[in-house]
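Structural overview for review
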Amino acid sequence: MRLRTPFAILASALLCAAALPAEVTLQDLLDDPRVGADWLNYHGGYAGHRHSLLDQIDRSNVESLRLEWAFQERISEKFEVTPLVHEGIMYITVPPGDVYALDAETGARLWRYSRRLPSKLIACCGLVNRGLAILGDRLFMATLDAYTIALDSKTGRLLWETQLIDYSLGYSGTHAPLVVKDMVMVGTAGGEYGIRGFIDAFDVETGERRWRFYTVPGPGEFGRETWAGDSWKTGGASIWITPSYDPELDLVYWGVGNPGPDWNGDVRLGDNLFSDSVVALEADTGTRRWHFQFTPHDVHDWDATQVMVLLDKEYRGVERKLLVTANRNGFIYLLDRQTGEFLRATQFVKQTWAVGISEDGRPIRRPGMEPSAEGIEVFPTVAGGTNWMSPAYSPDTGMLYVSCREGSSMYYKGDTEYRPGTRYWGSMFVNEPTMHNWWGAVRAFDPISADLIWEHKLFQPAWAGLLSTAGGLVFAGTSDGFFKALDSGSGEELWRINVGGTVQASPMTFEVAGRQMVAVAAGGSLFAFALP
Amino acid sequence: MRNLLNLAALLALPVLLTAARTHETNPMSSAEDFAEGRRLYRIHCGVCHGMDGNTGRGARLARRSYRHGDSDAEMFDLIEGGVPGTDMPGVWLEEDDIWRILLFVRTFAAKAGESCVAGQGDVAAGERLFSGQGSCLACHTVGPAGGRLGPDMSFAGEMFTPDQIRRALLEPAADVADRYRTVRLVTAGGERVEGVVLNENSYRIYIMDRAENLRAFDKGKLQSLETPTESLMPAYGNLLTEAQIEHLVAYLCTLREDRREGGTE
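Residues numbered from 1 in each chain as written. Chains lettered and ligands numbered in written order. Predicted model: local features only at pLDDT ≥ 70, side-chain atom pairs only at ≥ 80, totals over all residues. Heavy atoms only, no water.

Helices and strands together make up the secondary structure of chain B, namely 10 helices and seven strands. Taking all 265 residues of chain B together, the buried fraction comes to 43%. Partitioning the contacts of chain B with sequence separation of at least 6, the portion at a separation of at least 24 is 62%. Of the roughly 14,200 Å² that chain B leaves accessible, carbon and sulfur atoms contribute 54%. (Helix = DSSP H or I, 4+ residues; strand = E, 2+ residues; numbered from the N terminus. Buried < 20%, exposed > 50% of the residue type's maximum accessible area, 1.4 Å probe, protein only. Contact = heavy atoms within 4.5 Å. Areas by Shrake-Rupley, 256 points an atom, 1.4 Å probe, with all protein chains shown as cover.)

Our next topic: the domain arrangement of chain B. Residue and element names in this part refer to chain B. Taken as a whole, chain B is organised into domain 1 (17-111), domain 2 (123-175 + 233-260) and domain 3 (182-226). Taken together, the contacts link four residues of domain 2 with five residues of domain 3. Roughly 400 Å² is buried in total at the junction of domain 2 and domain 3, and carbon and sulfur atoms are behind 59% of that figure. For the pair domain 2 and domain 3, the interface holds one salt bridge. At the boundary of domain 2 and domain 3, one finds one residue pair in polar contact (both at pLDDT 80 or more). The residue makeup of the side of domain 2 that touches domain 3, split by class, is two nonpolar, one polar and one charged. (Domains from an automatic or database assignment. Buried area = accessible area lost by both parts, 1.4 Å probe. Salt bridge = Lys/Arg side-chain N within 4 Å of Asp/Glu carboxyl O. Polar contact = N/O pair within 3.5 Å; in protein donor to acceptor, adjacent residues only side chain to side chain. Nonpolar A, V, L, I, M, F, W, Y, C, P; charged D, E, K, R; others polar.)

Take the packing of aromatic side chains next. All names here are of chain A. Going through the model one piece at a time under the given rule, you end up with 33 aromatic pairs over all chains. Here the aromatic rings of phenylalanine 71 and tyrosine 100 are separated by 5.0 Å at their centres, their planes lie at 70 degrees, and the arrangement is edge-to-face. Pair noted here: phenylalanine 71 is in strand 2 (residues 66-72) and tyrosine 100 is in strand 5 (residues 98-103), with a separation of 29 residues, a long-range link. Owing to a relative accessible area of 6%, phenylalanine 71 belongs among the buried residues under this scheme. Take tyrosine 100: its relative accessible area is 0%, and that puts it in the buried class. Plain terms: the ring middles of phenylalanine 483 and tryptophan 495 are 6.0 Å apart, the flat faces sit at 90 degrees to each other, and that makes the pair edge-to-face. Taken as a pair, phenylalanine 483 in strand 34 (residues 482-487) and tryptophan 495 in strand 35 (residues 493-498) lie far apart in primary sequence, 12 residues in all. Overall, phenylalanine 483 belongs to the buried group, its relative accessible area being 0%. Among the aromatic residues, ring-to-ring pairing joins Phe292, Phe294, Trp302, Phe331, Tyr333, Phe342, Trp353 and Tyr411 into one connected group. (Phe/Tyr/Trp six-rings, centres within 6.5 Å; stacked < 30°, edge-to-face > 60°.)

The next thing to look at is helix 4 (residues 72-81) of chain B. Residues and elements named next belong to chain B. Taken together, the buried positions of helix 4 are occupied by Asp72, Ala73, Met75, Phe76 and Ile79. In an axial view of helix 4, the angular spread of the buried residues amounts to 165 degrees, which keeps them on one side of the axis. In this structure, the buried side of helix 4 is in contact with helix 5 (95-105). Backbone geometry just after helix 4 places glycine 82 at a positive phi near 75 degrees. (Arc of directions from axis to C-beta.)

Under the definition given, this model contains five cavities of 30 Å³ or more. Within this model, the second largest cavity holds a volume of roughly 70 Å³. Across the lining of the second largest cavity, the residue classes break down as 10 nonpolar, two polar and no charged. (1 Å grid on protein atoms, 1.4 Å probe; cavity = no way out; pocket = protein on both sides within 12 Å on 5 of 7 lines; lining within 4 Å. Points joined across faces, edges and corners; volume = space filled by probe spheres on them.)

Residue and element names in this part refer to chain B. Between helix 6 (residues 123-131) and helix 9 (residues 242-253), the least distance of the axes is 7 Å, while the angle of their chain directions is 100 degrees. Looking at the two axes, helix 6 sits roughly perpendicular to helix 9. Residues Val123, Ala125, Gly126, Glu127, Leu129 and Phe130 of helix 6 touch helix 9, and the partners they reach there are Gln244, His247, Leu248, Ala250, Tyr251 and Leu252. A class-by-class count of the residues in the contact of helix 6 with helix 9 yields eight nonpolar, three polar and one charged. (Axes fitted to C-alpha atoms, helices over the stretch in contact; angles between N-to-C directions. Parallel < 35°, antiparallel > 145°, perpendicular 65-115°, else oblique.)

This part covers the state of the cysteines. Residue and element names in this part refer to chain B. Counted under the stated rule, the structure contains one disulfide over all chains. The structure places no disulfide on cysteine 139, whose sulfur is separated from the nearest cysteine sulfur, that of cysteine 136, by 8.7 Å. Residue cysteine 139 is classed as partly exposed on the basis of its relative accessible area of 27%. (Disulfide = S-S within 2.5 Å.)

This paragraph deals with the pattern of salt bridges. Counting across every chain of the model gives 54 salt bridges over all chains. The partner of lysine 484 of chain A in a salt bridge is glutamate 493 of chain A, and the shortest N-O contact between them spans 3.1 Å. Of the charged contacts, one joins aspartate 218 of chain B and arginine 204 of chain B as a salt bridge, the two residues approaching to 2.8 Å between their closest N and O atoms. Taken together, the residues aspartate 218 of chain B in strand 6 (residues 214-218) and arginine 204 of chain B in strand 5 (residues 204-209) connect sequence positions 14 residues apart. You can call arginine 204 of chain B buried: its relative accessible area is 5%. Counted as one network, the salt bridges with shared partners bring together Asp103 and Glu105 of chain A together with Arg204, Asp218 and Lys221 of chain B.

Moving on, we get to the nonpolar core. Residues and elements named next belong to chain A. Formed by 110 residues in total, the largest nonpolar core has its most connected members in Met90, Ile92 and Phe475. The element best represented in this core is strand 37 (residues 515-522), accounting for six residues. Aside from chain neighbours lying at most four places away, what touches methionine 90 is Trp69, Pro83, Leu84, Val85, Tyr100, Ala101, Leu102, Ala104, Phe510, Ala519 and Leu526. Within the second largest apolar cluster, 27 residues are counted, among which are Phe294, Leu323, Leu335 and Tyr411. (Core = buried A, V, L, I, M, F, W, Y, C linked by side-chain atoms within 4.5 Å.)

Listed below in structure tokens is the structure:
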């Protein structure tokens, strides 16, 4: 019997009178999600698998899955959170700046924290937030006014707040932070505003800054020469998705956003490191161990802010520490995560910008596919072959599941001038003329060969991530308002419900009072499902 | 253009419930006005300022002095008109109702002009009592330290008058905020639990117990459930001397936001 509810605290308190309030330990974070009942990190674990060992809900009974509770707020923003659950309490962020603790069993509220935000926030794509990090009795959040804050997980009281940088220059915080050891790490969003991106690590106790890594190198730093002139000062390269972490190598893997201005590269000639790259940083110092750039000198807005999935598997007969990621530019990449060595790249959606990827991992560009004054149609769309929504990896099936986006956009190029805190785009993209040919799919790949194993077609490209469970299921949300369960082995749809609003978040699962629940944000609500 | 608009406003006046202010000071004072003000505040303001005036995305109202002005008239105009360019929206209510809201808002803080000052008390002695003999720190936080059962005291100097602090210490039951309602229950298994209520609905009650655990109880399965009007905070009349209470008042009066500003950042 696994007691993990508030009642469990009661039970243990009865057994030993001096029971300490259960706090999240570093070991819990390392174990998660192997322990199963809790969900303690945005990805459900450091390796970025979004896979749970819970198997109460499985292929044979999922058809009777039903709504257990719903949480609603006055939300007019996109609701992108992945909840955390610990010992029967769920923690969520609600846009633009609220945090709630809920009874995970019933959805009832225990406390709320509301951040006092300035009225003129600057965020390209909605006043969103994707969630929290937890350690001990503390929650951590990156805020839209560019702070990292720590809250007491029992009361929601603010314990410390440390400013990343002045938000009015176009910076913000939107991703769920990552806790590593006694540090909480956060990067800044704002890639559409001519920011100079960076990643900070803070002491969890005091909020004091331990280190900073600039995602755009400055004078004297490695990679500075990949930016013409002064363009590094406004190079973008934002961070807006939670990194993965390998505790053994002690490396944190950050997907970095697009260079700025987005669609006009003339003012920033060069490769523009570390935009559209993965950078592997040493946890204690923030020192770069290696980097790999997916799209050098990007002019299509193809941030590499997709989830870095860490796998230990055989590659060409040798057991290796691997990193696999389906990139916005339309290719799935396989890297050695110890060295950064490029192993292979395989196209996974229709794309027309590259002829292929060369031996060293650099794209071979198809001429004439850059944005122009008249506009040019390029596959995939500006949102990419996939985006920030989480993929999932199941150790049971050995498959990597990816929410894929098929279609094209019209890309335009124009002049641009940097003015602090305003859009720094270099023109625009237009979707209307091409949207009729858009569609989506949940696809299962062999992560090593990138061979397609199955496909489940979606009416529209989705903005929802995937969750894999030991029950043999993959949960997926859709843009037309459905939440569904697929057979992880075949892709067959086994269950669905109309949640009445676009799913723009990645689902998660947990166990409370002996029951497995699956939770997902959709529209302005959060839904929790369980078996009767 | 402006004249036209004014004319339109004039013509529309008789049928609109506008709140042209006809008083300089708050004409409302009765208990009924207060209750109605509280109700209206809950509807129109609580979501941003919190029912305690101290939580939420609006400005902190639990303070003695306001940035936008402290007089009744200034506050009326602010509540009616909002603060342009910020989230503070303003309300569309009749004049009397806005005065009623203000009557309630005033209870968050001491009246402007009256100040929380040390008096005869000794600040250092008060600080020692707070964490020592008085064991206040077991239930209240100041900055990062302290217990979670009672409200945060980090800004006590802006939230209370000396009299309010004295009263809180001598008769804590006299005014218990919603968020700190006491609950006492006995579970089916006979366990006695005491704490403060975090939330309650038809089926469950959620509390923070004395050991600061967040717990949920099915109301139908309890042997008994009481929500007495007492406070979890002990009455200090018999526990501390009058002089000691004055020391505490003196200390709490020094806890202010500006004190924190010199801090970690």
